[in-house]
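As a plain string of letters, each chain reads:
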Amino acid sequence: LIPTLLFGVPGSAAMAVFLFALMILGINPGPDMITNQLSLAFTMVWTLALGNIIASGLCLALTRPIARITTIRVHYWVPFVLMVVILGAFQCTRHWGDLISLLGLSFLGWFMKRTRWPRPPVLIGFVLGTIAEKYLWISVLRYGLGWLTRPLVIVIGLFTVFSILMGLRWQWRKPQPG
């Protein structure tokens, strides 16, 4: 929660969803939030602390009934979940494009799961994409392409390339099944 509130950078997929929800509500996380909306930040922290205490107590008390939910067959609850998702997607703006987007993103998620690609980075990309694009254009307008020659940008770029190469090296050296 702290990196999300202080810097506007989500630390997990759940925080990416939380950041997206804050941005929808018109709340911009970052240093301005701590200086201008300190009461809201403290409210979030205290709510999180009390929520964790209450949730821990409820989870301990309801462990057995919650565990019995896993015995319900999938074909009983999937239609209900699909109905809620489709109605939720359409109800917000009542445009068919939302349902087409839902279908396309559902197919993308299914494809990524089938090919064992991680899905949380896509969610983080959706949340941070507009912010990154905004600051990219600010940098281009202010410095032109000269911002690429700044030392910190070069270090971050080299670190990114190094991380990608190490990931590919690890992937290639991993023993293949079969």
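Here, the structure is the one placed above.
Residues numbered from 1 in each chain as written. Predicted model: local features only at pLDDT ≥ 70, side-chain atom pairs only at ≥ 80, totals over all residues. Heavy atoms only, no water.

### Comments concerning the overall build of the protein
Each helix and strand counted, the protein has nine helices and zero strands in total. Mapped in sequence order, the helices and strands of the protein form the string α-α-α-α-α-α-α-α-α. Rg of the C-alpha trace for the protein: 22 Å, well past the compact-globule value of 16 Å for 178 residues, more than 25% over. With the C-alpha coordinates of the protein rotated into their principal frame, the extents come out at 60 × 55 × 40 Å. Considering the protein as a whole, with its 178 residues, one finds that 10% of them fall into the buried category. Considering only contacts within the protein whose residues lie at least 6 apart along the sequence, 39% involve residues at least 24 apart. With an accessible surface of roughly 14,800 Å², the protein has 74% of that area assigned to carbon and sulfur atoms. (Helix = DSSP H or I, 4+ residues; strand = E, 2+ residues; numbered from the N terminus. Rg over C-alpha atoms; globule rule 2.2 N^0.38 Å. Buried < 20%, exposed > 50% of the residue type's maximum accessible area, 1.4 Å probe, protein only. Contact = heavy atoms within 4.5 Å. Areas by Shrake-Rupley, 256 points an atom, 1.4 Å probe, with all protein chains shown as cover.)

### Remarks on unusual backbone geometry
Positive phi, normally seen in glycine, also occurs at Arg94, with a value near 60°. One can find Arg94 in the loop between α6 (74-93) and α7 (96-114). Classification of Arg94 by relative accessible area gives exposed; the value is 60%. Positive phi outside glycine occurs at Arg116, with the angle close to 60°. Position of Arg116 relative to the elements: it lies in the loop between α7 and α8 (120-143). Assessed through its relative accessible area of 79%, Arg116 is described here as exposed.

### Observations regarding the nonpolar core
Membership of the largest hydrophobic core is limited to five residues, which are Leu5, Leu22, Ile27, Met33 and Met44. Apart from residues no more than four positions distant in its own chain, Met44 is found in contact with Leu1, Leu5, Phe18, Leu22 and Met33. (Core = buried A, V, L, I, M, F, W, Y, C linked by side-chain atoms within 4.5 Å.)

### Remarks on the packing of helix α2 (residues 13-24) against α8
Two elements in contact, α2 and α8, have axes whose closest approach is 9 Å; the angle formed by their N-to-C orientations is 35°. Remark: the crossing between α2 and α8 carries left-handed chirality. Taken together, the residues of α8 that come into contact with α2 (itself represented by Ala13, Ala16, Val17, Leu19, Phe20 and Met23) are Pro120, Leu123, Ile124, Val127, Leu128, Thr130 and Ile131. Within the contact of α2 with α8, the residues separate by chemical class into 12 nonpolar, one polar and no charged. (Axes fitted to C-alpha atoms, helices over the stretch in contact; angles between N-to-C directions. Left-handed = near helix turned anticlockwise from the far one by under 90°. Nonpolar A, V, L, I, M, F, W, Y, C, P; charged D, E, K, R; others polar.)

### Considerations on the packing of aromatic side chains
Working definition: an aromatic ring pair is given by the centre-to-centre distance plus the angle between the planes. Taken as a whole, this structure holds two aromatic pairs when the rule is applied. With a centroid separation of 5.3 Å and 50° between ring planes, the pair formed by Phe90 and Trp96 is classed as tilted. A residue is classified by how much of its surface remains accessible, and Phe90, at 26% relative accessible area, is partly exposed. (Phe/Tyr/Trp six-rings, centres within 6.5 Å; stacked < 30°, edge-to-face > 60°.)

### Some thoughts on α8
Between the first and last C-alpha of α8 there are 33 Å, a value that for 24 residues agrees with the 34 Å anticipated at 1.5 Å per step. The largest bend along α8 measures about 45° and falls at Leu128. Of the residues flanking the end of α8, it is Gly144, one or two places downstream, whose phi is positive at about 70°. (Expected span 1.5 Å × (residues − 1). Bend = angle between axes of the 7 residues up to and from the residue.)

### Examining the packing of α6 against α7
At a minimum axis distance of 8 Å, the contact between α6 and α7 shows a crossing angle of 145°. Crossing geometry of α6 relative to α7 is assigned as right-handed. For the pair formed by α6 and α7, the contact residues are Val85, Ile86, Ala89, Phe90 and Thr93 on the first element and Trp96, Asp98, Leu99 and Leu102 on the second. Of the residues contributing to the contact of α6 with α7, the split by class is seven nonpolar, one polar and one charged.

Coordinates in, geometry out; function isn't part of it.
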